[in-house]
2 protein chains.
Amino acid sequence: MINRQTYRDHVIEYVCSLMRNGQLQPGDKVRESGLAADLGVSRAPVREAVRHLVGEGLLDYRPQVGSIVANLSPQQIIDSYVARGLLEGFAIADSGKQFSVAARQELRQLCELMETSAADGDDEALVDVGARFHRLLYGRTANQQLLENIERLSNKLHLLFYRHWANFYSPDQIRDRHHQLLELVFKGDEWAVEQGFRQHYIETGRKVAALYTTE
Amino acid sequence: MINRQTYRDHVIEYVCSLMRNGQLQPGDKVRESGLAADLGVSRAPVREAVRHLVGEGLLDYRPQVGSIVANLSPQQIIDSYVARGLLEGFAIADSGKQFSVAARQELRQLCELMETSAADGDDEALVDVGARFHRLLYGRTANQQLLENIERLSNKLHLLFYRHWANFYSPDQIRDRHHQLLELVFKGDEWAVEQGFRQHYIETGRKVAALYTTE
DNA sequence: TCCCTGGCAAATGTCGACATTCGACACTTG
DNA sequence: CAAGTGTCGAATGTCGACATTTGCCAGGGA
């Protein structure tokens, strides 16, 4: 038994799945009693799970009132993507290590895979490949503290907005944008890498934010 | 009633004060029952406080076993300072706004105040002034998401290591190091600002880490 | 002597219930 | 009719107790 699972973890996963399913949308109230009833557990582990998700930024919390699914303003959306670009760009630039030929090939193949997934309209696969692509890059950093922050932000943006970003670019654009990132990384100019990733994410952030402006 | 205080918040503050007092040191076990008994409350709010502090990175947590005060490895210490330098440097460079004459004067005065505090051996005042100095700089960012991450890291490093950094530099050095940061900021070269703050923090991080290496 | 094993104590995980607070709705009043 | 107010329901905050797991230590065997 490597990792003992506690009820709290089940609740966390359950809430995340509700967010992925769309059954929980930004602004929706999250009632502890409801979750407890759904899963047949008491409110104690539910409260811990909710508090954890609040800490992750996935839920907003008001004392004595309760929690709602985080409802980021357009500016907050952009800000989150900016922060992610900053962290991920640095993590990649700072990792320093060279990419093996095999690793380069794998990353390039992922770009192609993104294009075919996008062309097939398989958004789920596209998002998944995109996540693998980025993780392969920033995951090379030896800085665990940085990694924690990146994954927190990454997970937050993924759960809140993964639905959308597949629709902002044509299959060609998706492939090309990520190919360009790769070339920056392989070239080894750290400053260019950081700027490139910042730009990559701020563009996506602006597009996502645009969807949430005054509807 | 602006901000209703709940027991959980009291517990958080209590644990932080224990860490500041040195009654809780890195590696020490944090028993929920003990805290509950100390404060005369039940374990429920204590658990929430502990979980919050785990999320902040101040405590390490092992399921079914308990929590201990975070005991960062030398590398993790450096990594944390690197991350803070990255975030703070960007926040300052990206805020873009000009500093008023009064603001510049205040910041320069804080540098001098750091020197006098250091010369007087008043570490508490020195650390406090240092915190105000840095907050005045990074607090100008409009990016709330960034700010949250900075303050989380800042608070973590402050609580775990505020004891030490006052002793790494002479009063003159402290003043000069911060004056140099100010000149970078006032000059407005964003890239130089980012690099400067990264360097500032990585140096401190290395010195702190050195204290925790194989004693 | 060392290792394994079994049980004991203590800490965490979970539960159900009660207390407290907030938000909403209907009612009163000017 | 609008504004303020009182009450009620529901959700959160807290509590004490029980269940379960972990780490430790004593005891026995090789």
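Criteria and thresholds
Residues numbered from 1 in each chain as written. Chains lettered and ligands numbered in written order. Predicted model: local features only at pLDDT ≥ 70, side-chain atom pairs only at ≥ 80, totals over all residues. Heavy atoms only, no water. Near = heavy atom within 4 Å. Polar contact = N/O pair within 3.5 Å; in protein donor to acceptor, adjacent residues only side chain to side chain. Helix = DSSP H or I, 4+ residues; strand = E, 2+ residues; numbered from the N terminus. Nonpolar A, V, L, I, M, F, W, Y, C, P; charged D, E, K, R; others polar. Core = buried A, V, L, I, M, F, W, Y, C linked by side-chain atoms within 4.5 Å. Buried < 20%, exposed > 50% of the residue type's maximum accessible area, 1.4 Å probe, protein only. Contact = heavy atoms within 4.5 Å. Domains from an automatic or database assignment. Buried area = accessible area lost by both parts, 1.4 Å probe. Salt bridge = Lys/Arg side-chain N within 4 Å of Asp/Glu carboxyl O. Least-squares fit on C-alpha atoms with pLDDT ≥ 70 in both. Patch = residues over 30% accessible without salt bridge, like charges linked within 9 Å, V, L, I, M, F, W, Y side chains within 5 Å. Areas by Shrake-Rupley, 256 points an atom, 1.4 Å probe, with all protein chains shown as cover. Lys, Arg positive; Asp, Glu negative; His and termini not counted. Charge placed at Lys NZ, Arg CZ, Asp CG, Glu CD. Phe/Tyr/Trp six-rings, centres within 6.5 Å; stacked < 30°, edge-to-face > 60°. Lys NZ or Arg CZ within 6 Å of the ring centre and 35° of its normal.

Quick notes on the protein's contact with DNA strand D
Then step 1. Not every one of the 23 residues close to DNA strand D is listed here, only the nearest: Arg47 and Tyr61 of chain A together with Thr6, Tyr7 and Ser42 of chain B.
Then step 2. When the atoms of DNA strand D within 4 Å of the protein are sorted by group, sugar and phosphate make up 80%.
Then step 3. The contact in question runs from a phosphate oxygen of DNA strand D to an N or O atom on the backbone of Glu32 of chain A, over 3.2 Å.
Then step 4. A distance of 2.7 Å separates a phosphate oxygen of DNA strand D from a polar side-chain atom of Thr6 of chain B.
Then step 5. Counting residues per element, the ones that place at least two in the surface near DNA strand D are helix H2 (32-39) and helix H3 (43-55) of chain A together with helix H3 (43-55) of chain B.
Then step 6. Residue classes in the surface near DNA strand D are distributed as 9 nonpolar, 6 polar and 8 charged.

Digging into the nonpolar core
Then step 1. Formed by 136 residues in total, the largest nonpolar core has its most connected members in Leu137 of chain A together with Leu137 of chain B.
Then step 2. With sequence-adjacent residues up to four places away left out, Leu137 of chain B is seen in contact with Ile92, Phe99, Leu107, Leu182, Val185 and Phe197 of chain B.

Digging into the protein's contact with DNA strand C
Then step 1. As a matter of local geometry, DNA strand C sits amid 23 residues, with Thr6, Tyr7, Ser42 and Arg62 of chain A together with Tyr61 of chain B nearest to it.
Then step 2. Contact between DNA strand C and Tyr61 of chain B: a phosphate oxygen at 2.5 Å from a side-chain N or O atom of the residue.
Then step 3. Residue assignment for the surface near DNA strand C shows that the elements contributing at least two residues are H3 of chain A together with helix H2 (32-39) and H3 of chain B.

Thoughts on the domain arrangement of chain A
Residues and elements named next belong to chain A.
Then step 1. Each domain of chain A was delimited in the assignment, giving domain 1 (7-69) and domain 2 (74-211).
Then step 2. One C-alpha centre belongs to domain 1, the other to domain 2; they are set 28 Å apart.
Then step 3. Each partner contributes residues to the interface: domain 1 has 9 residues there, and domain 2 has 7 residues.
Then step 4. The contact between domain 1 and domain 2 buries some 800 Å² in all, and 60% of this surface belongs to carbon and sulfur atoms.
Then step 5. Sorting the residues of domain 1 by area buried against domain 2 places Arg20, Glu56 and Leu58 first, and these three jointly supply 57% of that buried surface.
Then step 6. Inspection of the region where domain 1 meets domain 2 yields 0 salt bridges.
Then step 7. For the interface between domain 1 and domain 2, the tally reads 1 residue pair in polar contact (both at pLDDT 80 or more).

Overview of the relation of the copies chain A and chain B
Then step 1. Mapping chain A onto chain B leaves a residual RMSD of 0.0 Å; the transformation is a rotation of 180 degrees accompanied by 0.0 Å of translation along its axis. On the angle and the small slide along the axis, the relation comes out as a two-fold axis.
Then step 2. Of all interface residues in chain A, 100% are interface residues in chain B too; the two copies therefore contact each other through one and the same surface.

Quick look at the interface of chain A and chain B
Then step 1. Of the residues lining the interface, 26 residues belong to chain A; the matching set on chain B comes to 26 residues.
Then step 2. Summed over both partners, the interface of chain A with chain B comes to about 2,500 Å²; 51% of that surface belongs to carbon and sulfur atoms.
Then step 3. Taken as a group, Glu48, Leu86 and Gln145 of chain A account for 21% of the area that chain A buries against chain B, more than any other trio of residues on that side.
Then step 4. At the boundary of chain A with chain B, the tally comes to 6 salt bridges.
Then step 5. A salt bridge links Glu48 of chain B to Arg51 of chain A; its shortest N-O distance comes to 1.7 Å.
Then step 6. Where chain A packs against chain B, one counts 12 residue pairs in polar contact (both at pLDDT 80 or more).
Then step 7. Every element with two or more residues in the side of chain A that touches chain B is listed here: H3, helix H4 (74-95), helix H7 (144-161) and helix H9 (190-211) of chain A.
Then step 8. The greatest single-element share of the side of chain A that touches chain B, amounting to 8 residues, is contributed by H4 of chain A.

Some remarks on a negative patch on the surface
Residues and elements named next belong to chain A.
Then step 1. On the surface, Asp120, Asp122, Asp123, Glu124 and Asp128 cluster together into a patch of negative charge.
Then step 2. Examining the composition of the negative patch, we find that 3 residues originate from one element, helix H6 (residues 123-138), more than from any other.
Then step 3. On the secondary structure map, Glu124 appears in helix H6.

Concerning the pattern of salt bridges
Side-chain pairing between opposite charges can occur once the charged atoms of the two side chains come close.
Then step 1. Enumeration over the complete set of coordinates arrives at 31 salt bridges over all chains.
Then step 2. Between Glu48 of chain A and Arg47 of chain B there is a salt bridge, and its shortest N-O distance comes to 2.7 Å. Linking Glu48 of chain A in helix H3 with Arg47 of chain B in helix H3, this pair reaches from one chain into another.
Then step 3. You can call Glu48 of chain A buried: its relative accessible area is 13%.
Then step 4. Take Arg47 of chain B: its relative accessible area is 25%, and that puts it in the partly exposed class.
Then step 5. Between Arg175 of chain B and Asp172 of chain B there is a salt bridge; the shortest N-O distance is 3.7 Å. Separated by 3 residues within a single helix, Arg175 of chain B and Asp172 of chain B lie in helix H8 (residues 171-187), roughly one turn from each other.
Then step 6. We classify Asp172 of chain B as partly exposed; its relative accessible area is 39%.
Then step 7. Bridged by salt links that share partners, the residues Glu32, Arg43, Arg47 and Arg51 of chain A together with Glu48 of chain B form one connected network.

Digging into the packing of aromatic side chains
Then step 1. Applying the stated criterion across every chain, the model contains 9 aromatic pairs over all chains.
Then step 2. Both rings, one in Phe99 of chain B and one in Phe186 of chain B, keep their centres 5.6 Å apart while their planes meet at 65 degrees; by these two values the pair is edge-to-face. Placement of the pair is Phe99 of chain B in the loop between helix H4 (74-95) and helix H5 (101-119) and Phe186 of chain B in helix H8, with a sequence separation of 87 residues. In terms of burial, Phe99 of chain B and Phe186 of chain B fall into one category: buried.
Then step 3. Aromatic ring contacts, followed pair by pair, group Tyr81, Phe161, Tyr201 and Tyr212 of chain A into a single cluster.
Then step 4. Sitting above the plane of the Phe186 of chain A ring, Arg104 of chain A keeps its charged end 4.7 Å from the centroid.
Then step 5. In this structure, Arg140 of chain A packs its charged tip against the face of Phe99 of chain A, placed 3.6 Å from the ring centre.

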